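Each chain, letter by letter, is given below.
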Amino acid sequence: MKFFIDTANLGEIKEAQELGVLDGVTTNPSLMAKEGITGEKNIINHYKAICEIVDGDVSAEVIATDFDGMIMEGEALAALHPQIVVKLPMIAEGIKACKYFSGKGIKTNVTLVFSSGQALLAAKAGAAYVSPFLGRLDDVSTDGLHLISEIKQVFDNYSFETQILSASVRHTMHVVNCAKIGSDVMTGPLSSIKGLLKHPLTDNGLAQFLADYNKGNN
């Protein structure tokens, strides 16, 4: 399973990259604003900076909700760097734009997916990634992991090349459960990745090893 980090914070992206397990980045206007990145020029420069840190795909989201606007923004974003993936909303105009970009060889990530039917449409339109929002479904008492499982079954039935990018991952068990289901990618905060390192028996075992070593050197 690929590990993407969902942030616009360059420090966190660098830390995940240095850990050696980062495969890409997803971000959006809200995450940009959280880091104080506003204005078209600043946002564009920030995307470039992210691409200079990571080796994998970087999803860059369009703001427009009409077809022509999405095409104009998406082509400009794709031209920034070969690693850019154009992020499109799961609406009719977004599916049309997805089909257009796939025909041009431009990767897309269809986002804000909350049903297997939506994911199926995105795959039919040639999306490179489809992003079901696991955590947001959990927030409204709906089983987000069940949706990931449904999409996995549908995609496997027809051998779609579209990758399932489990988004809105909140914690380590989301990561583990997505891996069990067979999600191609997960994207979440740095804490969801670093949390996988933690286990009290590891800490206790290491402390014991060091204590025993030090006894032999006294």
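For the structure itself, look to the data block above.
Residues numbered from 1 in each chain as written. Predicted model: local features only at pLDDT ≥ 70, side-chain atom pairs only at ≥ 80, totals over all residues. Heavy atoms only, no water.

For the rest of this paragraph, the subject is unusual backbone geometry. Even without a glycine there, the phi angle at Leu112 is positive, about 60 degrees. Along the chain, Leu112 turns up in strand β5 (residues 108–113). Residue classification places Leu112 among the partly exposed positions, given a relative accessible area of 35%. One non-glycine residue with positive phi stands out, namely Ser159, at about 55 degrees. Mapped onto the elements, Ser159 comes out in the loop between α8 (144–158) and β7 (163–166). Overall, the relative accessible area of 62% leaves Ser159 in the exposed class. (Helix = DSSP H or I, 4+ residues; strand = E, 2+ residues; numbered from the N terminus. Buried < 20%, exposed > 50% of the residue type's maximum accessible area, 1.4 Å probe, protein only.)

A word on the nonpolar core. One finds Ile13, Val54, Val58 and Leu88 to be the most contacted residues of the largest nonpolar core, which totals 44 residues. Not counting chain neighbours up to four residues away, the residues in contact with Ile13 comprise Ile5, Thr7, Ala8, Leu22, Val25, Ile50, Ile53 and Val54. (Core = buried A, V, L, I, M, F, W, Y, C linked by side-chain atoms within 4.5 Å. Contact = heavy atoms within 4.5 Å.)

This part takes up the sheet that holds β7. Neighbouring strands of a sheet are bound in pairs by backbone hydrogen bonds; such pairs are parallel or else antiparallel. Pairing is parallel in the closed barrel, where 8 strands are placed in the order β1-β2-β3-β4-β5-β6-β7-β8. For this sheet the average axis-to-axis angle between neighbouring strands, irrespective of direction, equals 30 degrees. In this structure, strand β1 (residues 2–6) lies alongside strand β8 (residues 185–188), joined through 4 bridges in parallel fashion. Directly across from Phe4, in β8, lies its bridge partner Thr187. Across the sheet, helix α3 (residues 40–53) lies against β2 (24–26), β3 (57–61) and β4 (84–89), angled at about 165 degrees from β3, the strand it touches most. Packing of α8 onto the sheet brings it into contact with β5, β6 (129–132) and β7, and relative to β7 it is tilted by some 175 degrees. (Pairing = 2+ DSSP bridges. Axes fitted to C-alpha atoms, helices over the stretch in contact; angles between N-to-C directions.)

Mapping Thr27 onto the fold places it in the loop between β2 and α2 (29–34). Every residue in contact with Thr27, bar those within four places of it in the chain, is listed here: Asp6, Thr7, Ala8, Met32, Tyr47, Ser59, Glu61 and Lys87.

A few words now on the side chain of Asn109. Among the secondary structure elements, Asn109 is positioned in strand β5. For Asn109, a relative accessible area of 0% gives the class buried. A distance of 2.7 Å separates the side chain of Asn109 from the side chain of Ser131, its partner in a polar contact. Residues within four places of Asn109 in sequence aside, it is in contact with Thr26, Ser59, Val85, Val86, Lys87, Leu88, Tyr129, Val130, Ser131 and Leu165. (Polar contact = N/O pair within 3.5 Å; in protein donor to acceptor, adjacent residues only side chain to side chain.)

Right, let's talk about the pattern of salt bridges for a bit. Enumeration according to the criterion identifies 7 salt bridges in this entry. Here Lys87 ties to Glu61 by a salt bridge, and the two come within 3.8 Å at their closest N and O atoms. Note that Lys87 is positioned in strand β4 and Glu61 in strand β3, a separation of 26 residues in sequence. Across the pair, exposure class does not vary: Lys87 and Glu61 are buried alike. Asp139 serves as the salt-bridge partner of Arg170, at 2.9 Å between the closest nitrogen and oxygen. With a gap of 31 residues between them, Arg170 in the loop between β7 and α9 (172–181) and Asp139 in helix α7 (residues 134–139) connect regions that are remote in the sequence. (Salt bridge = Lys/Arg side-chain N within 4 Å of Asp/Glu carboxyl O.)

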